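Inside the fold
Now for the letters of each chain:
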Amino acid sequence: GALRAAVTSDTAAKLVRELVQENAVRVIAASTEQPEAELRANLIGVTILGTALMRHVLEVEPIASLDEQRLTAVLATAFAAYLGAELSGPDGAAVA
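Residues numbered from 1 in each chain as written. Predicted model: local features only at pLDDT ≥ 70, side-chain atom pairs only at ≥ 80, totals over all residues. Heavy atoms only, no water.

Some thoughts on the nonpolar core
Counting residues in each nonpolar core, the largest one holds 15 residues, and the members touching the most others are Ala6, Ile28 and Ala41. Those elements that provide at least two residues to this core are α2 (10–30), α3 (37–57) and α4 (68–84). For this core, the element with the highest residue contribution is α2, accounting for eight residues. Other than its neighbours up to four places away in sequence, Ala6 contacts Ala12, Ala13 and Val16. (Core = buried A, V, L, I, M, F, W, Y, C linked by side-chain atoms within 4.5 Å. Buried < 20%, exposed > 50% of the residue type's maximum accessible area, 1.4 Å probe, protein only. Helix = DSSP H or I, 4+ residues; strand = E, 2+ residues; numbered from the N terminus. Contact = heavy atoms within 4.5 Å.)

Section: the packing of α3 against α4
Between two packed helices, what matters for the description is the angle formed by their axes and the separation of those axes. Contact geometry of α3 with α4 gives a least axis separation of 9 Å together with a crossing angle of 155°. In terms of orientation, α3 and α4 fall into the roughly antiparallel class. The handedness of the crossing between α3 and α4 is right-handed. For the pair formed by α3 and α4, the contact residues are Arg40, Leu43, Ile44, Thr47, Ile48, Thr51 and Arg55 on the first element and Glu68, Leu71, Leu75, Phe79, Tyr82, Leu83 and Gly84 on the second. Its residues assigned to classes, the contact of α3 with α4 shows eight nonpolar, three polar and three charged. (Axes fitted to C-alpha atoms, helices over the stretch in contact; angles between N-to-C directions. Parallel < 35°, antiparallel > 145°, perpendicular 65-115°, else oblique. Left-handed = near helix turned anticlockwise from the far one by under 90°. Nonpolar A, V, L, I, M, F, W, Y, C, P; charged D, E, K, R; others polar.)

Re the layout of surface pockets
A volume near 180 Å³ is recorded for the largest pocket. Taken together, 15 residues make up the lining of the largest pocket; nearest its centre are Val16, Arg17, Val20, Gly45 and Leu49. Elements represented by at least two residues in the lining of the largest pocket include exactly α1 (2–6), α2 and α3. Residue composition of the lining of the largest pocket, grouped by class: 10 nonpolar, four polar and one charged. (1 Å grid on protein atoms, 1.4 Å probe; cavity = no way out; pocket = protein on both sides within 12 Å on 5 of 7 lines; lining within 4 Å. Points joined across faces, edges and corners; volume = space filled by probe spheres on them.)

With respect to the packing of α2 against α3
With their axes 9 Å apart at the nearest point, α2 and α3 run at an angle of 130° to one another. With respect to each other, α2 and α3 are oriented oblique. The handedness of the crossing between α2 and α3 comes out as right-handed. Packed against α2, whose contacting residues are Val16, Val20, Gln21, Val25, Ile28 and Ala29, the element α3 presents Ala37, Glu38, Ala41, Asn42, Ile44, Gly45 and Leu49 at the interface. Partitioning the contact of α2 with α3 into residue classes produces nine nonpolar, three polar and one charged.

Have a look at this one:
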């Protein structure tokens, strides 16, 4: 439904964007004291939406048929990296 519609409808895109911002990004950003918390939280949001799009709308393999527990474990590793890794600036230097 909504994710598929968000690809072609400005109204649906706004709804999905607000839903993700309110229910995921803001909560995640508030839960970390890392520098650039909002950027880190948005990277997680992008990964969630991209995974949902690939899995449920585009049905891209192996994401579409990956066991939920395995997918959760892989995503958890990525999210931990987003929350814990040093982020690089435009010149490649780590952002403190």
